[in-house]
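A structural walkthrough
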Amino acid sequence: MLTDSTFHDRQKNGPDRGRDGHRPLTIAVAKGRMLEATAQLLARAGLPAETLLDTASRRLVRVAGDITYLILKPADVATYVEQGVADLGIAGRDSLAESRRSIIELEDLGFGLCQMVVAGPQPSARRSWLEGKALTGRPLRVATKYPRVASDFFNQASRPAEVIPLHGNIELAPLMGLADLVVDIVQTGRTLRENGLEVVEEIFTSTARLVSSATSLQIKNSEIVNLAGELARAAGEGVDIAGR
Amino acid sequence: MKLVADNTMSNSRDMMPAENNLRRTVARKLTDLLQAQDFREIATSVFEPYSTAQKCGEWFATRCCKFVAPSGDLYVLRPEMTAPIIRALSNRADLGEDVPRLFYLTNVFNLSGDGAGSVVEQWQVGAEVISSDPRPLAESITLSLDLLGTVGVDEYRITVGHTGLQMALMVALGLTDKDRVTLESYLQQGLYVDAKSLLLSLVGDDDSRSLLSSLGPWLIPGFRGGLPASCSGQDQVGLARLKERLQNLAAEVKTRLAGGGVTREAGVVEARPELVSALERGMAELVAAIDRTTRQMPPEAVLRVSLGLVRPQSYYQGLVWEIYTNDSGLALGGGGQYDALIRRFGRQWSGTGFALSFDRLVDLAGQGRAKDRSSPH
């Protein structure tokens, strides 16, 4: 069984070609809400992915044939890919956009659909957004788990804003007066509605993306291009699109 | 008085004697090679006027560490070396057209790309070939590979592109000026999903679809499953196949430029015969560079052609290239032709140069990949 240390040695020394002359690939996958859909898509594309569905295991490195999976927090997928530890990664556009890592988005995999939005309490949020300032006239305060996305968006929208980074339960911030608006991802919008918030602007639509580094795309070009094609085909067949 | 630990800023490190010994050894090998090829060392001030960074383009202007001097002038810690060298040379009235071949081995400073705001100090080794001869000098590419050989790195990938050919390709596909700027931005940021969406939005009929299938993979590796044209070092058969593919590409693009006819939603795209000579010139430059480079590369190395290669520096025009080694997902370095940058400093020279990460070369040498070589071949 490949332990974490032998896995690292294998990466450092350069993997040999496996069966069929193909080079092994290391794929970083995001744990959490997208993991099951990721595993299903990988399986549809012909990869051995059952190991990802073993919820009893706490192993972070899982080997299946010529594929090594790294199970990571979504925010870390881009880092492992950029640094060349993983050849490929699968994570949501939201976490990739926030990471600002130098990676290449190869394919839109279609699942994990959600929207990155600006939202706030009814009825004040819409006016605050349109006027670009709080009701009292001061600059907007925006709470978010995505401070870089939020800063970029408000700068491009020419709305000066103080961005307040938080780690969870973002909807609470405007309810308790910490912020005027929030930037967050929404799927059905139920959490926002139940907390008296409404969406005032959509920033972008987020779905799962397949990413690679410039180096891996060069060194394992045929393997990555072929796999990307298989995943795109499997995604086009409607695997777990929307709501997962 | 309480003593406070004075840490260096993040990503800038102090180097103890043992580490410095390895760095000196590697530096000596690199500089010996460069000096043997008649390059002379140049050094510039760490502090550059902000105007120099602005001439490098938006990417550098937004990623450099700025500060205001007591005089009120805005300076930066130099974010790279090519522009400072051009600035320094441009200020020398005694130079005329006779510019020496120059190299440097020094530190540069950028803000980290993750938006955290930390200043990153990196050491680079690079060379600039500046002259009155407008032909791009493919020897810059082979020189950058020689430096890899000096520290024992034989297995690498190099991607070569050409900005003039890139533009010709985009025009042949029917992109407007605005589309080209957008597509370049997507390619530079690695947003291939958005780039593909933009190209697919151009499809108006079967003819356009066919053209896109044929030309698209040259811009975006893997577009509709197309693999980039490539060739291993010393592989004459592979080189001949690569040249044939490039000839076919040139013929197809030339037909479109001369005759127009790509159908977009807005209508049929006009012919652009004035771009044909630029296409032919660019293709000749690219083929000459590939020829020279593949003959010098070891068999373990692979060269790929990607006309979608967009380097962070906006001043490149003509040949561009990047080099990759498997110690990191990021390119080890790269270079290109930068006549446009030199014009921004008011001079009429032609220039080609490159920079490689000296820090990573030291790591690669220290990982036991270094062999005791006294010559690059």
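Residues numbered from 1 in each chain as written. Chains lettered and ligands numbered in written order. Predicted model: local features only at pLDDT ≥ 70, side-chain atom pairs only at ≥ 80, totals over all residues.

1. Thoughts on the confidence of the model for chain B
Residues and elements named next belong to chain B. Stated precisely, the cut-off is as follows: pLDDT: the predictor's confidence for each residue, scored from 0 to 100. Distance between backbone-placed C-beta atoms decides contact: two residues are in contact if it is within 7 Å.
Summarising the model, chain B shows a mean pLDDT of 87, and 90% of its residues fall at 70 or more. Segment residues 369–377: pLDDT under 50, and 14 contacts once partners within four positions in sequence are set aside and those in other chains are kept. At the level of chain-chain contacts, confidence expressed as ipTM amounts to 0.86, with global pTM at 0.88.

2. Thoughts on the sheet that holds strand β4 (residues 88–92) of chain A
All names here are of chain A. Here is the rule we go by: Any two strands between which DSSP finds at least two bridges are classified as paired. Per the convention used, a helix needs a DSSP run of H or I reaching at least four residues, while a strand needs a run of E reaching at least two, with both numbered from the N terminus. What counts as an axis is a line fitted to C-alpha atoms, over the stretch in contact for a helix, and the angles between N-to-C directions run from 0 to 180 degrees.
Pairing is mixed in the open sheet, where six strands are placed in the order β2-β3-β1-β4-β11-β5. Each edge of the open sheet is held by one strand with a lone partner, namely β2 (61–64) and β5 (104–108). Strand-to-strand, the axes of this sheet are offset by a mean angle of 25°, without reference to chain direction.

3. A few points about unusual backbone geometry
Selection criterion: A residue is called partly exposed when the number of other C-beta atoms within 10 Å of its own lies between 12 and 20, exposed at 12 or fewer, and buried at 20 or more, with C-beta atoms placed from the backbone.
Across the junction of Q122(A) and P123(A), the peptide omega takes the value -10°, indicating a cis bond. With respect to the element layout, P123(A) can be found in the loop between β6 (114–121) and α5 (124–131). The backbone phi angle of S158(A) is positive, close to 55°, even though this residue is not glycine. Structurally, S158(A) can be placed in the loop between α6 (147–156) and β8 (161–165). Located in the positive-phi region is Q234(B), a residue other than glycine, with phi close to 65°. Relative to the helices and strands, Q234(B) resides in the loop between β8 (229–232) and α10 (236–259). We classify Q234(B) as partly exposed; it has 15 C-beta atoms within 10 Å.

4. Describing the environment of Q317(B)
All names here are of chain B. Mapping Q317 onto the fold places it in the loop between β11 (302–305) and β12 (319–324). In the structure, Q317 is positioned 231 residues away from I86 in sequence and 16 Å away in space, judged by C-alpha atoms. Not counting residues within four places of it along the chain, the set of residues in contact with Q317 comprises T163, Q337, D339 and A340.

5. As for the pairing of strand β6 (residues 119–131) of chain B
Successive side chains on a regular strand alternate, one facing one side of the sheet and the next facing the other. All names here are of chain B. Sheet topology note: the strand β5 (residues 102–111)/β6 ladder contains 10 bridges and is antiparallel. Opposite N110, over in β6, you have V120 as the bridge partner. In the sheet, β6 pairs with strand β14 (residues 350–357) via eight bridges, with the strands oriented antiparallel. Residue pairing in the sheet places I130 in a bridge with G351 of β14.

6. Details of the nonpolar core
The line we're drawing: Here, a nonpolar core denotes buried Ala, Val, Leu, Ile, Met, Phe, Trp, Tyr and Cys residues that are linked to one another through C-beta atoms within 7 Å.
Within the largest apolar cluster, 153 residues are counted, with the highest numbers of intra-cluster contacts made by L231(A), A168(B), L169(B) and L173(B). Sorting elements by how many residues they give to this core places helix α10 (residues 221–236) of chain A first, with eight residues. Excluding anything up to four places from it in sequence, A168(B) contacts V253(B), L257(B), L275(B), A278(B), L279(B) and G282(B). Judged by nonpolar contacts, the second largest core, of 27 residues, contains A119(A), A143(A), A150(A) and I170(A).

7. Side note on the domain arrangement of chain A
Size of an interface, as often reported, equals the accessible area lost when the parts are brought together. Residues and elements named next belong to chain A. Quick reminder of the rule: Domain limits in this description derive from either an automatic procedure or a database domain assignment.
When cut into domains, chain A gives domain 1 (4–112 + 208–236) and domain 2 (114–206). Using only C-alpha atoms to locate each centre, domain 1 and domain 2 end up separated by 32 Å. Opposite the seven residues of domain 1 that make contact, domain 2 presents seven residues. A total of four residues in the side of domain 1 that touches domain 2 trace back to one element, the largest contributor, which is helix α4 (residues 93–99).

8. Side note on the sheet that holds strand β10 (residues 197–206) of chain A
Residues and elements named next belong to chain A. Read from one edge to the other, the open sheet built from five strands follows the order β8-β7-β9-β6-β10, with strand pairing classed as mixed. The open sheet has two free edges, formed respectively by β8 and β10, since each of these has just one partner strand. Adjacent strand axes in the sheet meet at a mean angle of 25° when their direction is disregarded. Bridging between β6 and strand β9 (residues 181–186) involves five bridges; their strand directions are antiparallel.

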